[in-house]
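# Notes for the structure review
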Amino acid sequence: MAADRDVFRAPKGVRDVLPPESDRWIEVVALFAERARRFGYGLVLTPMFEHWEVFARLGETTDVVTKEMYDFVDKGNRRLALRPDGTAGVVRAYVEHRPAAPWKVWYVAPNFRYERPQAGRYRQHYQLGAEVMGVDDPAVDVEMIDLLGGFFRELGLGKLSLVVNSMGDAESRDRYRAVLLSYWRDHAAELDDDLPRAELNPLRILDSKRPDLQDLVERAPQLPEHLTDEAGAHFEQVQAGLRAVGLDFEIDPRLVRGLDYYTSTVFEFRSAALSPGQDAIGGGGRYDKLAEEMGGPPTPAIGFGSGIERILIVADAGLAVVAGSRRCDVFVIDTLGTADATALLHELRETGTAADRAYGGRSLKKQWAAADKAGARYGVMLAPREMATGHVVVKDLDSGEQIEIRRDEIAAWLATKKETRAR
Ligand code: HAM
């Protein structure tokens, strides 16, 4: 039980995002939304919780399912769980509504995983993601990677490494699983506690974080050597496409990703600014069997997710400045104490200017201080002498320059100062 003094604090592993930090979130989401629109994706909203079985499809050998799920029984005795990732709910929605393929969607949503919290790893994190259902063309794999890679580039995140691999088709994976399992069995003593996991899903050990296993993993048989001709050709075409759009990449034969649903192409963008072992800023891949596993028709599909918290950590590492928009262009300074200030603020806001004020009859000095604190570009002062001739005082808070402008022209004048709303 949390001590009394702790219950009114955010629980372990979750955090509040307050303004002005949240302005950067708006910036990141808006940029992604705009990019997704250009690529032909529509926004999808799925519930924060689903029947537990939907998320159980992430894999019976993944930590996300076995150890980290926030599941509960509701008052109607249903077993439900909070969403640990965006993909499972989107696939459930696809199977339920059967929209026409290709179905191209994006989302931004919080996900919940009971993990050991550390920098860049939280119990609630937000993902921006996209999924395409109903296309097996390698062109869509390239489009996905380009959508994400170009988004990071537009954010100015600097050098990230792109790692790709192919998990092959079912036949490739069956072949590989058998070879890999016999390799793990030959090294049962070293695997120790992890042997049962290897028996259930030999691939899972490949992304083990156990330092003492790294050597063994390094020497393990590699998946690309066991691809069928068809799976190999798909992977070749993905690589050719990545070269065509100018995306540098490396092939990492050990990249299998942490969720069980992956088939064929998998990819990850990594940043040196994140901690080793959790340096993925975003990643995804194909999951050509998941819709069928949820009772839908055979539906090839691919997607990715990228954590907003990690995006901002990488930005903060000095590689980029993701700045929020200026929330206040104009601060109204009121020396009259009448409804004139309220009317002016109304007019400014309705004509597209971000405007704010101090409340409660503060002194002139305090109002100017508040204007500075708000980061406003202009202060517009309502004072008796100027108002008597139909004017307001406008002060450029960057240069200190002060002019008078007619009260009935001020909104239009400020609206032309579009650059005041620059980031
Ligand atoms: P994931 O690799 O588990 O994939 O998560 C995607 C991204 O979410 C990670 O690269 C990371 O940026 C962020 N992330 C994950 N867990 C945390 C955490 N505990 N704290 C902070 N950030 C985190 C998926 O979730 C798949 N649904 C991606 C996908 C979509 N595959 C196909 N379609």
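Residues numbered from 1 in each chain as written. Predicted model: local features only at pLDDT ≥ 70, side-chain atom pairs only at ≥ 80, totals over all residues. Heavy atoms only, no water.

Time to look at helix H13 (residues 340–350). Taken as a whole, H13 has its buried residues at Ala341, Leu344, Leu345 and Leu348. Down the axis of H13, the buried side of the element spans an arc of 100 degrees, and every buried residue falls inside it. Residues of H13 that are buried make contact with strand E12 (330–334), strand E13 (355–357), strand E14 (378–382) and helix H16 (410–416). With its phi angle positive at about 95 degrees, Gly352 sits one or two positions after the end of H13. (Buried < 20%, exposed > 50% of the residue type's maximum accessible area, 1.4 Å probe, protein only. Helix = DSSP H or I, 4+ residues; strand = E, 2+ residues; numbered from the N terminus. Arc of directions from axis to C-beta. Contact = heavy atoms within 4.5 Å.)

What follows covers a nonpolar patch on the surface. On the surface, Met48, Phe49 and Phe72 cluster together into a nonpolar patch covering about 270 Å² of accessible area. Position of Phe49 among the secondary structure elements: in strand E2 (residues 49–51). Taking relative accessible area as the criterion, Phe49 reaches 44% and is therefore assigned partly exposed. (Patch = residues over 30% accessible without salt bridge, like charges linked within 9 Å, V, L, I, M, F, W, Y side chains within 5 Å. Areas by Shrake-Rupley, 256 points an atom, 1.4 Å probe, with all protein chains shown as cover. Salt bridge = Lys/Arg side-chain N within 4 Å of Asp/Glu carboxyl O.)

Now for the pattern of salt bridges. Using the criterion set out here, one finds 33 salt bridges in the structure. In this structure, Asp141 and Arg286 form a salt bridge, with 2.8 Å as the shortest nitrogen-oxygen distance. You can see Asp141 sitting in helix H5 (residues 138–155) and its partner Arg286 sitting in strand E10 (residues 280–286), a full 145 residues away along the chain. The partner of Arg210 in a salt bridge is Asp212, with the nearest N and O atoms 2.9 Å apart. Since its relative accessible area comes to 23%, Arg210 is described here as partly exposed. In the salt-bridge network here, residues are joined through shared partners; they are Asp63, Lys67, Asp194, Arg197, Arg210 and Asp212.

Scanning the model with the defined rule gives 13 aromatic pairs in all. With a centroid separation of 5.5 Å and 75 degrees between ring planes, the pair formed by Phe152 and Phe269 is classed as edge-to-face. In this pair, Phe152 sits in helix H5 while Phe269 sits in strand E9 (residues 263–270), placing the two residues 117 residues apart along the sequence. Since its relative accessible area comes to 2%, Phe152 is described here as buried. A cation over an aromatic ring shows up here: Arg15 above the ring of Tyr122, its NZ or CZ 5.7 Å from the ring centre. Residue placement shows Arg79 over the ring face of Trp52; its charged tip is 3.9 Å from the ring centre. (Phe/Tyr/Trp six-rings, centres within 6.5 Å; stacked < 30°, edge-to-face > 60°. Lys NZ or Arg CZ within 6 Å of the ring centre and 35° of its normal.)

Shape descriptors only; they carry no functional weight alone.
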